[in-house]
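Notes for the structure review
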Amino acid sequence: MTGWKVSWIMPDYTADLIVVNGNIHTVDSRMPNAQSFAVKNGRFIAVGTNTDTAMLGGPNTKILDLAGQTVIPGFIDAHIHVLSSGSRHVMAADCDLRSISDVENALKRRAQKTDAGNWVQGFKYDDTKTEENRFLTTTDLDKVSTELPVYVSHRAGHVYYVNSKALALAGYNDDSPDPHGGKLGRDPNTGKLNGVIYERAVEAFRELLPTVDPEDRRRGLKLINGMLSEVGLTSVHDASVSNDEFVTYQEGLENGDLDLRVYMLMAKAHFPALRDAGIRTGFGNDHLRVGGIKMVSDGAIAARTAYLSEPYIGSYHDDCGIQAMSPEEINESVREIHSEGFQVCIHANGDLAISMVLDAYEEVLKEFPRSNPRHRIEHCTLVNPEILTRMNRTGTIATPFCTYVYYHGEKMRFYGDDRLEWMFAQKSFMEYGVMSTGATDYPPGPYEPLLGIQSCVTRTDINGTLWGPSQKISAKDALRIYTLNGAYASFEESEKGSIEPGKLADFVVLEEDILDVDPFSIKDIKVLKTVVGGKPSYEI
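So, here is what we can say about the structure in this document. (Residues numbered from 1 in each chain as written. Predicted model: local features only at pLDDT ≥ 70, side-chain atom pairs only at ≥ 80, totals over all residues. Heavy atoms only, no water.)

Turning next to the packing of aromatic side chains. Under the counting rule described, the total for this entry stands at 16 aromatic pairs. Where Phe 401 meets Phe 424, the ring centres are 6.3 Å apart and the plane angle is 70 degrees; that geometry is what we call edge-to-face. Note that Phe 401 is positioned in the loop between β20 (397-399) and α13 (404-407) and Phe 424 in the loop between α14 (416-420) and α15 (426-431), a separation of 23 residues in sequence. Since its relative accessible area comes to 3%, Phe 424 is described here as buried. An aromatic cluster is built from Tyr 125, Phe 135, Tyr 161 and Tyr 198, whose rings are joined through pairwise contacts. A cation sits over an aromatic face here: Lys 129 above Tyr 407, 4.0 Å from the ring centre. Looking at Arg 374, its charged tip hangs above the ring of Tyr 488, at a distance of 3.6 Å from the centre. (Phe/Tyr/Trp six-rings, centres within 6.5 Å; stacked < 30°, edge-to-face > 60°. Helix = DSSP H or I, 4+ residues; strand = E, 2+ residues; numbered from the N terminus. Buried < 20%, exposed > 50% of the residue type's maximum accessible area, 1.4 Å probe, protein only. Lys NZ or Arg CZ within 6 Å of the ring centre and 35° of its normal.)

And the structure:
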């Protein structure tokens, strides 16, 4: 009988990196705290004590002794405008300034760099942060230029400001009716257009704006990648990606400009092409993945255009906000996208808008039952017990603003104390069994996750005013929301969001313990190192 010769090679379990003497918050309920972990090929292979990981070391293993410093999983921002923000930082004037004259001067400097026939663009203007405390008008922007069209977006988006030249190019005049899903601002005394453009009325301008130069997109990606890595973000859900941006992301992944892991919510206009190409939610790899299809059903909280069931208090508007999509549009779009196997992600801030989105989700789940579709309501700001119950029943995910209470406190008065007990409602989401995430929506809100966590924990704004105290949560819960819950929203909770063997080695080293400091100092904790797949993307 011929003998068998068996060749067997022992697998190499030698770690590339071992972290020791850390104060590690794993966000793993089975082992919440650890002292050490080992990393190999970009994944955690062991988590425990120094003794547990010591046997995995070898001559080429890097040892990182943290001497008691705190480690947490990498932060995940589940709704943020990444590449478009980076591009605007490169090619538009930053209008986050404290007077309209300063804004005009910034736009004038941009105009000096703008060729004839092109547009002068600005972003991040915030009316309530200025001395004048008002929107920009054509009168303001005509001071910048009457020859070049000027186009400025509010920090929240959803409201825009243009000069007379831009109004003329878009074909709007004093007799123009409000377009579907939008509104044209008018002087209250004369009825003439004042250059304020709301919601879908902006579509006429977007058709005229020049496309972003590919090199500006590349520079923007490199810039924003660095900005977000510096504050501890390792994964982001980019909340409306165009075809051109999809290309830039792929280029960045190939040339090393992209450290962040990106879950791309694709703009609705690109759904047919994705569907016809056979691409579905989840297509991609650990660094770049096609997510859900993004739509917008109402206005913004910071711009006071969200579609509410009751009027705003003392705002510019005497109505309840702006409905950007009709119920019929929502129903038809959700049916089409859901039936093709995609995740649906609809921006809805006001309680009326949220209810309409839930109507569509409930109907389509009856018609086309699907296990665990994880459809989302982006922002999902103003809720109530009925909404929360319906979200639980349909498995709908919420991605509420986390930095708004702290940063936009002066706007909270437009909503009133009663409504604020049901806004950015992280506590209620937990109590009703609704999955919610950490999200900032940058540029509308500051992007720093530690600021978002402090805002959720204290519900206190920059001036020390407490808003909606019933929605306070613990720092431990806020950390989970900003890590593991974000991974769940992209179907990746088995891959990241906690420090566990087998998961991607994404983690952050902090100078202080996020769970042990004064809650009002969380935002000031220094990020010492951000690591993606075992490799630093930022370090001091």
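With respect to the secondary-structure elements, Thr 399 resides in strand β20. Each C-alpha atom, one on Thr 399 and one on Ile 377, is 6.6 Å from the other, the two residues being 22 residues apart in sequence. Other than its neighbours up to four places away in sequence, Thr 399 contacts Ala 78, His 79, Arg 376, Ile 377, Glu 378, His 379, Thr 437 and Ala 439. (Contact = heavy atoms within 4.5 Å.)

Okay, the packing of helix α2 (residues 83-91) against helix α7 (residues 214-230) next. Two numbers describe how α2 lies on α7: the axes approach to 7 Å, and their chain directions differ by 110 degrees. Comparing their axes, α7 and α2 come out roughly perpendicular. As α2 runs across α7, the sense of the crossing is right-handed. In this structure, α2 uses Leu 83, Ser 85, Gly 86, Ser 87, His 89, Val 90 and Met 91 to contact α7, whose residues at the interface are Asp 216, Arg 217, Arg 219, Gly 220, Leu 221, Leu 223, Ile 224 and Met 227. Split into classes, the residues belonging to the contact of α2 with α7 amount to seven nonpolar, five polar and three charged. (Axes fitted to C-alpha atoms, helices over the stretch in contact; angles between N-to-C directions. Parallel < 35°, antiparallel > 145°, perpendicular 65-115°, else oblique. Left-handed = near helix turned anticlockwise from the far one by under 90°. Nonpolar A, V, L, I, M, F, W, Y, C, P; charged D, E, K, R; others polar.)

Let us now look at unusual backbone geometry. That bond from Tyr 442 to Pro 443 is cis: its omega, 15 degrees, falls within 30 degrees of zero. Looking at the secondary structure, you find Pro 443 in the loop between α15 and α16 (449-458).

Bringing α7 into the picture now. Between its first and last C-alpha atoms α7 spans 25 Å; for 17 residues at 1.5 Å apiece the expected length is 24 Å, and the two agree. Taken together, the buried positions of α7 are occupied by Asp 216, Arg 217, Gly 220, Leu 221, Ile 224, Asn 225, Met 227, Leu 228 and Ser 229. As for α7, its buried residues are in contact with β8 (75-80), α2, β15 (233-241), α8 (243-255), β22 (527-532) and β23 (535-539). Where α7 begins, the capping side chain belongs to Asp 213, and its oxygen is found 2.9 Å from the backbone nitrogen of Glu 215. One or two steps after α7, the chain reaches Gly 232, where phi turns positive at roughly 100 degrees. (Expected span 1.5 Å × (residues − 1). Polar contact = N/O pair within 3.5 Å; in protein donor to acceptor, adjacent residues only side chain to side chain.)

Okay, the pattern of salt bridges next. Scanning the entire structure with this criterion turns up 36 salt bridges. The closest approach of N and O atoms between Lys 129 and Glu 410, which form a salt bridge, is 3.1 Å. Within this pair, whereas Lys 129 is found in the loop between β10 (120-125) and α4 (138-142), its partner Glu 410 is found in the loop between α13 and α14, the two being separated by 281 residues in sequence. (Salt bridge = Lys/Arg side-chain N within 4 Å of Asp/Glu carboxyl O.)

Turning to the sheet that holds strand β6 (residues 62-65), a few remarks are in order. Adjacent strands of a sheet form backbone hydrogen bonds with each other and so pair up, either parallel or antiparallel. With respect to topology, four strands assemble into an open sheet ordered β5-β4-β1-β6, the strand pairing being mixed. The sheet terminates laterally at β5 (43-48) and β6, the two strands that pair on one side only. When the angles between neighbouring strand axes are averaged without regard to direction, this sheet yields 15 degrees. Here strand β1 (residues 17-20) runs beside strand β4 (residues 36-40); their pairing, made up of three bridges, is antiparallel. Bridge pairing links Ile 18 to Ala 38 in β4. (Pairing = 2+ DSSP bridges.)

On to the sheet that holds β15. Spatially, the seven strands line up as an open sheet ordered β8-β15-β16-β17-β18-β19-β20, and their pairing is parallel. Both edges of this open sheet fall to β8 and β20, since each of them pairs with a single strand only. Between one strand axis and the next, the sheet turns through 25 degrees on average, direction left out of account. Relative to β20, strand β19 (residues 376-379) is paired through three bridges, and the arrangement is parallel. Paired with Glu 378 across the strands is Thr 399, a residue of β20.

With 76 residues, the main nonpolar core has Leu 228, Tyr 249, Met 264, Ile 377, Met 391 and Phe 429 as its most contacted residues. Looking at which element gives the most residues to this core, the answer is helix α11 (residues 351-367), with nine residues. Not counting the four nearest positions on each side in its chain, Ile 377 is found in contact with Ile 346, Ala 348, Ile 354, Val 357, Leu 358, Tyr 361, Met 391, Thr 396, Ile 397, Ala 398 and Thr 399. Judged by nonpolar contacts, the second largest core, of 39 residues, contains Leu 136, Ala 156, Leu 382 and Val 405. (Core = buried A, V, L, I, M, F, W, Y, C linked by side-chain atoms within 4.5 Å.)

Attention shifts here to the packing of α11 against helix α12 (residues 385-394). Packing of α11 against α12 brings their axes to within 10 Å, and their N-to-C directions diverge by 30 degrees. Judged on the interaxial angle alone, α12 and α11 are roughly parallel. In this structure, the crossing between α11 and α12 has a hand that is left-handed. Each of Asp 351, Ile 354, Ser 355, Leu 358, Asp 359, Glu 362 and Leu 365 in α11 lies in contact with α12, whose residues at this interface are Ile 387, Arg 390, Met 391, Arg 393 and Thr 394. In terms of residue class, the contact of α11 with α12 is made up of five nonpolar, two polar and five charged.

On to the environment of Tyr 415. Following the sequence through the fold, Tyr 415 ends up in the loop between α13 and α14. Put simply, Tyr 415 and Leu 308 are 107 residues apart on the chain and 9.8 Å apart in space, counted from C-alpha to C-alpha. Contact partners of Tyr 415, with chain neighbours within four places excluded, come to Ala 300, Ile 301, Arg 304, Leu 308, Tyr 312, Ile 313, Leu 420 and Met 423.

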